[in-house]
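Working through the structure, step by step
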Amino acid sequence: MMRGNLQLAFEQFALNSGEFELPLSGITVLFGRSGSGKSTLLRAMSGLDKRTVGELSVNDEIWQRGSYALPPQKRHIGFVFQDAALFPHLNVKQNLFYGIKRLPKNIAPANFNDIVERVGIADKLDRAVTFLSGGEKQRVAIARALLMQPKLLFMDEPLSALDWRAKAQLLTLIEELVHFFKIPVFYITHAPNEVERLADRIVFMKSGHIETIETLQQALSRMDSPLFDEQGVVSVLSGKCGEKTEYGLRQVQLGDDQLWLSEAHTAAQQLLRVVILAKDVSVALSDPHDTSVTNHLKTTITSINEEDNHRLLVRLQLQDGQHLFAEVTRRSADRLQFKVGQTVYALIKAVAIME
Ligand SMILES: Nc1ncnc2c1ncn2[C@@H]1O[C@H](COP(=O)(O)OP(=O)(O)OP(=O)(O)O)[C@@H](O)[C@H]1O
């Protein structure tokens, strides 16, 4: 567990986090407007800025108490930034060894071959880094961080300079690495789709302060979630990929319910997240058998909220407890007389798999 309350003041800006408590597992996303202090909070946690004051402890080790600060090199934090920051005159292997040579004597580097293999750069070790693509450079930066056996990995907008294909590949890689190496990751991003894909919990920052810390499910269950962007309200459901495929569709289990998705590359039994836009969900009072919509789920209405004059957002609870938003017109809601507690069927027109 990380516990703290950190302050770091510059001339024009002051970080004053407020008290926080963060489990050191999985991926913690820092989310907030540009200038809200996300990078400054990571800097304060890292001990890199000597002006930091306040309290910080990690698994009962004191990292900051007043103006006492554990030196940054004793915190064993790995960093990956937006720009891979590799030495241009060194090749990939030399870049990786640069960090290893500077490790404190009492720390053994991680297994080199294992890391370069997992990160997908084993065949690029002799390349000049200037000839690598943006995605490959970030892989080298990730490998360099992992080789130092960090207790914590800080990633500050690691994908923001990459194209969509490289982003998708690196998102998969980051997920796999966290799962495999079990290193807690603190991850800064502006992109709701990265949050929906990766986050276990989210630290929402505003004007240098932690506004709230929520699990992804909590953050997505409120209608005013800062995660909702131009796509409008979305739901993220977690399920397990089933064995069964039919007509190019694969079954995904949500408790006792099933969704059918376009054939995913995800292996059977693997957990996956899917995103459903509220505007792609309709609501029916009975389970219709004469519709082309494949996915119907039996649900209970848990709230009905006004979105604007003509549209309502209906929050539905699935049988396994997860929730799903449906956007309906006021006209339909009045005609069908929706009520909280009522059993209804969600008809899902489109599902996007996060992979
Ligand atoms: N070393 C510094 N000296 C002075 N001001 C700084 C310093 N570092 C950051 N700031 C200021 O602190 C504020 C918060 O910056 P910070 O980089 O933490 O925000 P952010 O939420 O990470 O933003 P972004 O998403 O744009 O990266 C900004 O106004 C920035 O100009």
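Shown above is the structure to which this text applies.
A brief look at the structure comes next.

What counts as what
- Throughout this document, residue positions are counted from 1 along each chain, in the order its sequence is written.
- Side-chain atom pairs in this predicted model are given and counted only at pLDDT of 80 or more, local residue features only at pLDDT of at least 70, and totals for whole chains, interfaces and linings cover all residues.
- Just so you know, side-chain values use all the structure's heavy atoms and leave hydrogens and water out.
- Here a helix means four or more residues in a row that DSSP labels H or I, a strand means two or more in a row labelled E, and each is numbered from the N terminus.
- The reference for a compact globule is 2.2 Å times residues^0.38; the radius of gyration itself is calculated from the C-alpha atoms.
- Between buried and exposed lies partly exposed: a residue is buried under 20% and exposed over 50% of the maximum accessible area for its type, with that area taken using a 1.4 Å probe on protein chains only.
- Two residues qualify as a contact provided that any one of their heavy atoms is within 4.5 Å of a heavy atom in the partner residue.
- In short, Shrake-Rupley with a 1.4 Å probe defines the accessible areas, and a residue's cover is counted only from the protein chains shown.
- Two strands pair under a simple rule: DSSP has to find at least two bridges between them.
- Note on geometry: axes are C-alpha line fits, over the in-contact stretch for helices, and angles between N-to-C directions span 0 to 180 degrees.
- In what follows, roughly perpendicular refers to angles from 65 to 115 degrees, roughly parallel to angles under 35, roughly antiparallel to angles over 145, and oblique to any angle outside these ranges.
- Crossing handedness is read from the near helix: turned anticlockwise from the far helix by less than a right angle, it gives a left-handed crossing, and turned clockwise, a right-handed one.
- Ten residue types, Ala, Val, Leu, Ile, Met, Phe, Trp, Tyr, Cys and Pro, are classed as nonpolar, four, Asp, Glu, Lys and Arg, as charged, and the remainder, Gly among them, as polar.
- In these notes, a set of buried Ala, Val, Leu, Ile, Met, Phe, Trp, Tyr and Cys residues joined through side-chain atoms within 4.5 Å is what counts as a nonpolar core.
- Here the bounds of each domain stem from an automatic or database domain assignment.
- When a carboxyl oxygen of Asp or Glu is within 4 Å of a side-chain nitrogen of Lys or Arg, the pair counts as a salt bridge.
- The rule for a residue being near a molecule or strand is that one of its heavy atoms must lie within 4 Å of it.
- Polar contact is defined as a pair of N or O atoms within 3.5 Å, subject to the rule that within protein one atom must be able to donate a hydrogen and the other to accept it, and that residues adjacent in sequence are counted only when both atoms are side-chain atoms.

For the rest of this paragraph, the subject is the overall build of the protein. Check the secondary structure of the protein and you find eight helices and 22 strands. Over its C-alpha trace the protein gives a radius of gyration of 23 Å, about what one expects of a compact globule, namely 20 Å for 355 residues. Summarising its shape, the C-alpha atoms of the protein cover approximately 70 × 45 × 35 Å along the three principal directions. Within the protein, buried positions represent 48% of all 355 residues. Pairs at least 24 apart in sequence give 66% of the contacts found in the protein among residues at least 6 apart. A total accessible area of about 17700 Å² is found for the protein, and carbon and sulfur atoms account for 49% of it.

In space, the five strands of this open sheet follow the order 17-21-18-19-20, with antiparallel pairing throughout. The two strands at the open ends of the sheet, each matched to only one other strand, are strand 17 (281-284) and strand 20 (323-329). With direction set aside, neighbouring strand axes in the sheet form an average angle of 45°. With six bridges joining them, strand 18 (residues 295-306) and strand 21 (residues 343-348) adopt antiparallel strand pairing. Bridging from a neighbouring strand, H296 pairs with L347 of strand 21.

We now examine the packing of helix 3 (residues 112-119) against helix 4 (residues 134-147). Interaxial distance between helix 3 and helix 4 falls to 10 Å at its minimum, and their mutual angle equals 150°. It follows that helix 3 is roughly antiparallel to helix 4 by the angle criterion. For the pair helix 3 and helix 4, the sense of crossing is right-handed. Judged by residue contacts, F112, I115 and V119 of helix 3 engage R139, A143, L146 and L147 from helix 4. Within the contact of helix 3 with helix 4, the residues separate by chemical class into six nonpolar, no polar and one charged.

With respect to the helices and strands, V29 occurs in strand 4 (residues 27-31). Those residues in contact with V29 that sit more than four places away from it in its chain are Y187, T189, V195, A199, R201, I202 and V203.

Before going further, it helps to spend a moment on the nonpolar core. Counting residues in each nonpolar core, the largest one holds 58 residues, and the members touching the most others are L96, I142, I174, Y187, I202 and L227. In terms of domain composition, this core takes at least three residues from each of domain 1 (2-221) and domain 2 (234-354). Beyond its immediate stretch of four places on either side in the chain, Y187 contacts I27, T28, V29, L30, M155, P158, L159, L171, I174, E194 and L198.

Overall, the coordinates contain 14 salt bridges when judged by the stated rule. In this structure, R43 and D49 form a salt bridge, with 3.8 Å as the shortest nitrogen-oxygen distance. Of the residues examined, D49 reaches a relative accessible area of 6% and is grouped as buried. Across the salt bridge formed by E306 and R330, the nearest N and O atoms sit 3.2 Å from each other. Placement of the pair is E306 in strand 18 and R330 in helix 8 (residues 330-336), with a sequence separation of 24 residues. Looking at R330, the relative accessible area reads 28%, which means it is partly exposed.

Attention now goes to unusual backbone geometry. Even without being glycine, A85 reaches a positive phi, approximately 50°. If you trace the backbone, A85 turns up in the loop between strand 8 (77-80) and helix 2 (92-101). Of note, K182 is a non-glycine position whose phi angle comes to about 55°, a positive value. By the secondary structure assignment, K182 is in the loop between helix 5 (164-181) and strand 10 (185-188). Note on K182: relative accessible area 64%, which makes it exposed.

This part takes up the site of the ligand. Around the ligand, 13 residues are found, and the nearest of them are S34, G35, K38, S39 and T40. S34 places a side-chain nitrogen or oxygen 2.6 Å from an oxygen atom of the ligand. H190 is positioned with one of its side-chain polar atoms (N or O) 2.9 Å from an oxygen atom of the ligand. Computed on the free molecule, the ligand has an accessible area of 640 Å², of which 60% lies beneath the protein chains in the complex. The class makeup of the residues in the shell around the ligand is two nonpolar, seven polar and four charged.

Attention shifts here to the pairing of strand 9 (residues 152-156). Sheet faces and side chains relate simply in a regular strand, where the side chains alternate between the two faces. Within strand 9, five of the five residues are buried, which leaves it mostly tucked inside the rest of the structure. Burial along strand 9 is two-sided: L152, F154 and D156 facing one way and L153 and M155 facing the other are all buried. The pairing of strand 8 with strand 9 spans four bridges and is parallel. Across the sheet, residue I77 finds its bridge partner in strand 9, namely L152. Note: strand 9 against strand 10, four bridges, orientation parallel. Paired with F154 across the two strands is F186, which belongs to strand 10.

This part is about the side chain of Q251. Within the secondary structure, Q251 sits in strand 14 (residues 249-254). Judged by relative accessible area, Q251 falls into the buried class, the value being 11%. Not counting chain neighbours up to four residues away, the residues in contact with Q251 comprise K240, C241, G242, K244, Q258, L259 and W260.

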